[in-house]
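Coordinate inspection notes
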Amino acid sequence: MAPPESTEVLQPILKVEELRMHFPVSQGFLGRVSHHVKAVDGVSFELTRGETLGLVGESGCGKTTLGRMLMRLYTPTAGQIWFRPDADSAPYPLATMSQSELRAVRHHFQMIFQDPHSSLNPRQNVMDIVSEPVRLQGRSHRQDMQERVLEMMRLVGLRPEFATRFPHAFSGGQRQRIGIARALILHPALVIADEPVSALDVSVQAQILNLLKYLQRQLDLTYLFIAHDLSVVKHICSRVAVMYVGKLVEVAAVDRVFARPRHPYTEALLSAVHSPDPDREAQRTRIVLEGDVADPVHPPSGCHFHPRCRHVQDICRTAEPMLQEVEPGHRVACHFAADLELIGAKI
């Protein structure tokens, strides 16, 4: 399969095409596959160099699975992932590369994990934790490696004398800074942040988000930021992709989505966002969705969201809407995206 053609100016750092991850479910004495969990089901998007794309949705929608597929922790069932870490290289087909081929390019993309406690080895000190990617890559001598670790610690706001301490000696926010330093020690082009602040206190969340924005400017990073809290996405992301039961339902600039969502599911997510303005908060209308998230093993026919949608019509039950552009830069998977007047959020 040939790489997608594009001009130099428009070439994205990441291009995902019809990506699928269907986990087989076995039953019976012989362990035969009876059905599949469609965790990710036909996802396509592009990520521009230097931007932050937020990926949001309820628990179980497939966003973490998608992030792990992009890291090649999972091998996709189908689809393609084109990754171009710099302007001088040809796109790498990550979805079809072997593990040996991936080792040569893995330093270009790294991951920040959700839980800063369980993602750190309690038997290693900070120096060992942060330097581990360098050691695995065999890319530095010991003295140079120590200098790199101390430099990265300063960059993420950790004092160099902390290098000999172990994870239990740090707060949650400091542990996440250690995890960020470990992810950035190899100077990756792309960072996938899987809910990196959801386990932290609100006051610490703001500090880590500001740190990530600072590091993006300093190191020329591109982020895929996975979250379930749209107020966090508003703070750090330039664009947002809303995911529901393995599919993207809306992709647009953050400000545009907050001002005028075009998908009823996005509207419901926005209705849960609190406003710091007491007057606006008093006027906020909370949309409570009925029923449960659709089963990814046996998703509903037509639009997966139709059993919970306030605007459902007959066509929604039978015909699946495609993700189409309703205005420049704004894609929506809804039959009535151009007609509905949905409520945004002001924060």
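Below, the structure is looked at part by part. Bear in mind the structure is a predicted one, so any value in this text is a computation, not a measurement.

Some words on the pattern of salt bridges
- Counted under the stated rule, the structure contains 15 salt bridges.
- Here R239 makes a salt bridge to E51, at a shortest N to O gap of 2.8 Å. Pair noted here: R239 is in strand β9 (residues 239-244) and E51 is in the loop between β2 (32-47) and β3 (52-56), with a separation of 188 residues, a long-range link.
- Classification of E51 as buried rests on a relative accessible area of 11%.
- A salt bridge links E58 to R308; the nearest nitrogen and oxygen atoms lie 3.2 Å apart. Remark: R308 occurs in the loop between α10 (278-283) and α11 (314-318) and E58 occurs in the loop between β3 and α1 (63-70); sequence separation between them is 250 residues.
- The partly exposed category is assigned to E58, whose relative accessible area is 24%.

A closer look at helix α6 (residues 202-219)
- Taking 1.5 Å as the rise per residue, α6 with 18 residues should run 26 Å; its terminal C-alpha atoms sit 26 Å apart, in good agreement.
- V204, Q205, I208, L209, L211, L212, L215 and Q216 are the residues of α6 that are buried. Buried residues of α6, seen end-on, are gathered within an arc of 160 degrees and therefore sit on one face of the element. Turned more than 90 degrees away from the buried face of α6 sit S203 and R217, all of them exposed.

Considerations on the environment of F170
- Relative to the helices and strands, F170 is located in the loop between α4 (142-155) and α5 (172-184).
- C-alpha separation for the pair F170 and H117, spaced 53 residues apart in sequence, amounts to 9.6 Å.

Structural notes on the environment of C61
- Position of C61 relative to the elements: it lies in the loop between β3 and α1.
- When the C-alpha atoms of C61 and L248 are compared, they prove to be 9.6 Å apart, with 187 residues separating the residues in sequence.
- When near neighbours in sequence (up to four residues on either side) are disregarded, C61 contacts A39, M243, Y244, V245 and G246.

What counts and how
- Residues numbered from 1 in each chain as written.
- Predicted model: local features only at pLDDT ≥ 70, side-chain atom pairs only at ≥ 80, totals over all residues.
- Heavy atoms only, no water.
- Salt bridge = Lys/Arg side-chain N within 4 Å of Asp/Glu carboxyl O.
- Helix = DSSP H or I, 4+ residues; strand = E, 2+ residues; numbered from the N terminus.
- Buried < 20%, exposed > 50% of the residue type's maximum accessible area, 1.4 Å probe, protein only.
- Expected span 1.5 Å × (residues − 1).
- Arc of directions from axis to C-beta.
- Contact = heavy atoms within 4.5 Å.

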